[in-house]
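Each chain is listed here by its residues.
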Amino acid sequence: MMQSTAAIEATGLSKSYGALAVTRDVSFALEPGCALGIIGPNGAGKTTLFNLLTGAVRPDAGSIRFAGKDISPTDARARCRMGISRSFQVPQPFSGLTVFENALVAATFAQGISEQAARPQAEDALRRTGLWPKTAKKAGELGLLDRKRLELARAIATAPKLLLLDEIAGGLTDAECVELIQLIRSIKESGVTIIWIEHVLHALLSIVDRVMVLDFGQKIAEGEPRDIMQSPEVAAIYLGLDGENTHA
Ligand SMILES: Nc1ncnc2c1ncn2[C@@H]1O[C@H](COP(=O)(O)OP(=O)(O)OP(=O)(O)O)[C@@H](O)[C@H]1O
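One structure accompanies this document, and this report is about it. Note that the structure is predicted; figures quoted are calculated from it, not measured. (Residues numbered from 1 in each chain as written. Predicted model: local features only at pLDDT ≥ 70, side-chain atom pairs only at ≥ 80, totals over all residues.)

Now for the site of the ligand. Neighbouring residues of the ligand: Y17, V22, G40, N42, G43, A44, G45, K46, T47 and T48. At 3 residues, helix 1 (residues 46–54) tops the list of elements feeding residues into the shell around the ligand. The residue makeup of the shell around the ligand, split by class, is 3 nonpolar, 6 polar and 1 charged. (Near = placed C-beta within 6 Å. Helix = DSSP H or I, 4+ residues; strand = E, 2+ residues; numbered from the N terminus. Nonpolar A, V, L, I, M, F, W, Y, C, P; charged D, E, K, R; others polar.)

Written as structure tokens, this is what we have:
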């Protein structure tokens, strides 16, 4: 039986688009401060699961509890204000706004607080992500690593309890990836619960406590990273994946 103290607990989540069952009876629970990695092939339903957790998409069946409360009926904005925040696969800053304004908008919107009250939070998020020296730059002028940092800063600025990361490590050089991993580790160490979808497995496995495998919308395995990566199901799925993504 799942613990009632879980930071987040999903039970029997299902979602179809027409005849396509994208999420099929997915259940999991995650303890506060833990990090769960989600892996699976393209189209397995990973991003859809995030959409269900954030409230962007309504499930056909199933329920979600957050910090012990049934949040199934609440919308995305309410969930954001409760402390569920996400980063997107393709960073989505306001390109014409400065780095600081981007963090400020996130903090203001997420908590429904005044710009003045949000300023210290925006500053803190930018300092923690190493973006403070670039605070006056336009977001559209940032390089890839900095855009990823800004994606994290915008998420942190909302003071999340649960942070959902969607394929944030892709496209970086090895050195940049090391920096990103350190940043995500520091967010985890600050007590934020994390669920992270990632194809760059060495980055994911250096952080997460558990891994869940999705395939055709179903959870086919969950457990300790080492056990999961050695399981035949995962070997079958990842056979043929680009070696660049799988090296340790
Ligand atoms: N709004 C939608 N309408 C119709 N089909 C959708 C919709 N959203 C997702 N799908 C389909 O659901 C399936 C799962 O998509 P999803 O993006 O959740 O997978 P994923 O595991 O995140 O894949 P990737 O690793 O490529 O990001 C895909 O076949 C996708 O085309």
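As a further point, take helix 4 (residues 115–128). With 14 residues, helix 4 should cover 20 Å at 1.5 Å per step; its first-to-last C-alpha distance of 20 Å lies within 8% of that length. Residues A118, Q121, A122, A125 and L126 constitute the buried set of helix 4. What you see down the axis of helix 4 is that its buried residues fit within an arc of 135°, all on one side. Turned more than 90 degrees from where helix 4 packs its buried face, Q116, A117 and P120 sit exposed. Buried-residue contacts for helix 4 involve helix 3 (99–111) and helix 5 (144–156). Where helix 4 terminates, the next one or two residues include G130, which has phi positive at roughly 75°. (Expected span 1.5 Å × (residues − 1). Buried ≥ 20, exposed ≤ 12 C-beta atoms within 10 Å, placed from the backbone. Arc of directions from axis to C-beta. Contact = placed C-beta atoms within 7 Å.)

Along the chain, G170 falls in the loop between strand 7 (162–166) and helix 6 (174–189). The spacing of G170 and A56 is 114 residues in sequence and 23 Å in space, taken between C-alpha atoms.

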